[in-house]
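These are the residues of each chain, in order.
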Amino acid sequence: MLRLMTERKHTTDMFGRRGTAEPGSTPPKPFGGGEAKAAPTTPAAPVAPQAKPEKAAKPAAPESAPASAPAPKPAPQPEPTAKSAAPLSNEAKEKLDEVKINVFNDLMEAVDLGELSSLSAEQVREEINDMVSEIISMRGLVLSIQEQQTVIQDICNDILGLGPLEPLLMRDDIADLMVNGPDVTYIEVNGKMEMTDVKFRDQAQLMNICQRIVSAVGRRVDEASPICDARLADGSRVNVIAPPLAIDGTALTIRKFKKDKLTLENLLQFGSITPELKTVLEVISAIRLNTLISGGTGSGKTTLLNCMTGHIDSSERIITCEDSAELQLQQPHVVRLETRPPNLEGKGEISMRDLVKNCLRMRPERIIVGEVRGPEAFDLLQAMNTGHDGSMGTVHANNPREALSRIENMIMMGGYNLPSKAMREQISGAVHIIVQAARLRDGSRKITHLTEVVGMEGEVVTLQDICVYEIEGEDANGKLVGRHKFTGMRPSFWEKARYYGLEAKLAEAMQFTST
C-alpha cells in the first residue's frame, strides 16, 4: 500500500479504487471533483503543506514561486487563525466537524479494510495519516497544521479506538464516563459530575463503538439484546443499554480504572483512611478474616477490595468470580472467572452462582466475589464456613447492618426456605468484618465504619464498631472535615492476630497493650 501511495499513476488505487486508468480512457475524478488532468499535480500538494508550513513560517516564504508551489501560501495563514481560535467557537467546531465527516466518508469509500486488517495498529495509523492528508489536499481544504492533525487524530480514533471517547480515556483523573445518547457526555472528576463537549456524529457511530467494546469480550448488544455488561482491556467496567430501552439514544457507562494500581498507601494519601486504620486493614487481610465490603454506587468498593488483596500472602491460591472481570490482583497464583450471558437461543448462561459452586472444586484458599448481588450469597457463605478463610466480597448497602440484611434477602432470592434464625446464624458464623465505604457530599470517599460481627443475641446478629468516621464540620472550600476514631473496643480477632504473629502491630495501631 505504501508503494501505491508513492506512484503517481496509481493515485486512485491508493484509496482502494478499482484500478489505474487505461491509456486511452478518461480517468475517474478525484474526491475533490477536479479534472483528470490535475491528477499528476495533486499528489505533490500534500507534500507541500506538510513539509513547508513549518519552513514557510520562516524566511523561506517570500522565496517560494507562486506558480510552481501555490499550496504553501494558504498554509502559513491558518496558523494565526488557529491561535486566535484556541477557544474554538461553536461555528468553527461545526465547520471542523463537517470536514471530519466528509473526509471520513471519503476514506471509508476508498480504504481497503481487508488490507488494513493485516497491518499492525501503528502501521494502520501511518497509512490513515497519509491517506487523510491526501484527501484533504484533493478536496482543496484549507486547514492549519493543528486542525489537520486534529482531523487525522479523530479519524484514527474512530477506526482504531473508541472515537471521541479516546481523549477522555487517556486522562487519569476521570473516574466515570457517562454517555447519554450521541450528544451528551458527562464525566466524574474528584467526585463531581462535569458535562463535556464530546459528541458523536450520530447514533450509528455511538452504537458501533459500543458493539466494538462488547464484541472484544465475546458479548453482543443490539435491539434483541439491548443490555450488556462488558469491560475494557484495562479492566474498566462497561455497561451499555441501547434503544428501544434507552429512549434518548444508547447509554454507555464506563467505570474507569487508574493506570497505576492503587494500594492502601494511595488511599492514605487521598485521606480516605488514617495510618492506624491502614495498619488494621493490612492485619485483617493477612490473618484471613472473611471480609464484606459494603457501600453505595461509586463509593469505591471495588477499589478498596483491590487494595486489601495486596496484603494477601503470595503463596495462596486465589479464585475470583465476577460479572465482568475488573479486579486487579497482584499475587502470582490467581484464577479469574467471569460469568457468561445466554446466547441468541437463550442457552449457555453461566451465572455467578455456577462459578462460586465450581470454585469449591478448584482447591481455592480464598474465594473473592467481585459483587454479591443474588443467590450466590448462600454459596459464598457456605464457602466461608467450610475452611476458605479470608474470602472477600462486595455488596451494595448504606451501612453495616443493612449489608447483613441484604445478604439475608439474597439468600431468600435463591428459594431457600430457611428459618430467619438459621440464616442469621450462618451469616454471623461466616462474616467476620464489614468495611463500610461511602462517597460524601463533597465528592470525597471515606471508610466510614470498620465493624466486627461478634455473634448472635437471640435472633439478632450482634455488631461491634471498631472504628468510625465522624464529620466535624466544613472548611471554607466546602470540603467536609472529620476524623477516624477508634471506639476502644478490643476486637474478637485479637487471638487470631496473635496466632499469625501480628498482635503487636495490631496493638500499636489501636493503641492497646499487647498483653
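Above this note sits the structure.
This section reports on the structure supplied with the text. What you are looking at is a predicted structure, and each value in this text was computed from that prediction instead of being measured. (Residues numbered from 1 in each chain as written. Predicted model: local features only at pLDDT ≥ 70, side-chain atom pairs only at ≥ 80, totals over all residues. Heavy atoms only, no water.)

1. Re helix α16 (residues 400-413)
Count 3.6 residues to each turn of an α-helix, and residues three or four apart come out pointing the same way. Between its first and last C-alpha atoms α16 spans 20 Å; for 14 residues at 1.5 Å apiece the expected length is 20 Å, and the two agree. Among the residues making up α16, those that are buried are Pro 400, Ala 403, Leu 404, Ile 407, Glu 408, Met 410 and Ile 411. Axial view of α16: buried residues confined to an arc of 160°, hence all on one face. After α16 finishes, the residue Gly 415 shows a positive phi value of roughly 85°. (Helix = DSSP H or I, 4+ residues; strand = E, 2+ residues; numbered from the N terminus. Expected span 1.5 Å × (residues − 1). Buried < 20%, exposed > 50% of the residue type's maximum accessible area, 1.4 Å probe, protein only. Arc of directions from axis to C-beta.)

2. Things to note about the sheet that holds strand β5 (residues 237-241)
Sheet architecture is open: six strands sit in the order β3-β2-β1-β6-β5-β4, paired in antiparallel fashion. Each edge of the open sheet is held by one strand with a lone partner, namely β3 (192-195) and β4 (227-231). Averaged over all adjacent pairs, the angle separating strand axes in this sheet is 15°, with direction ignored. As paired strands, strand β1 (residues 174-180) and strand β6 (residues 251-255) are joined by five bridges and run antiparallel to one another. Paired with Met 178 across the bridge in β6 is Thr 253. (Pairing = 2+ DSSP bridges. Axes fitted to C-alpha atoms, helices over the stretch in contact; angles between N-to-C directions.)

3. Quick notes on the sheet that holds strand β8 (residues 318-322)
Ordered in space as β9-β8-β10-β11-β7-β12-β13-β14-β15, the nine strands form an open sheet in which the pairing is mixed. The sheet terminates laterally at β9 (334-338) and β15 (480-486), the two strands that pair on one side only. Taken pair by pair, the neighbouring strands of this sheet meet at an average axis angle of 25°, ignoring direction. Sheet strands touched by helix α17 (residues 420-430): β13 (445-457) and β14 (460-474). Its angle to β13, the strand with the most contacts, is close to 120°. (Contact = heavy atoms within 4.5 Å.)

4. As for the pairing of strand β11 (residues 392-396)
Burial analysis of β11 places four of its five residues in the buried class, which makes it a mostly covered element. Note: strand β7 (residues 291-295) against β11, five bridges, orientation parallel. Paired with Ile 293 across the two strands is Thr 394, which belongs to β11. With two bridges joining them, strand β10 (residues 366-369) and β11 adopt parallel strand pairing.

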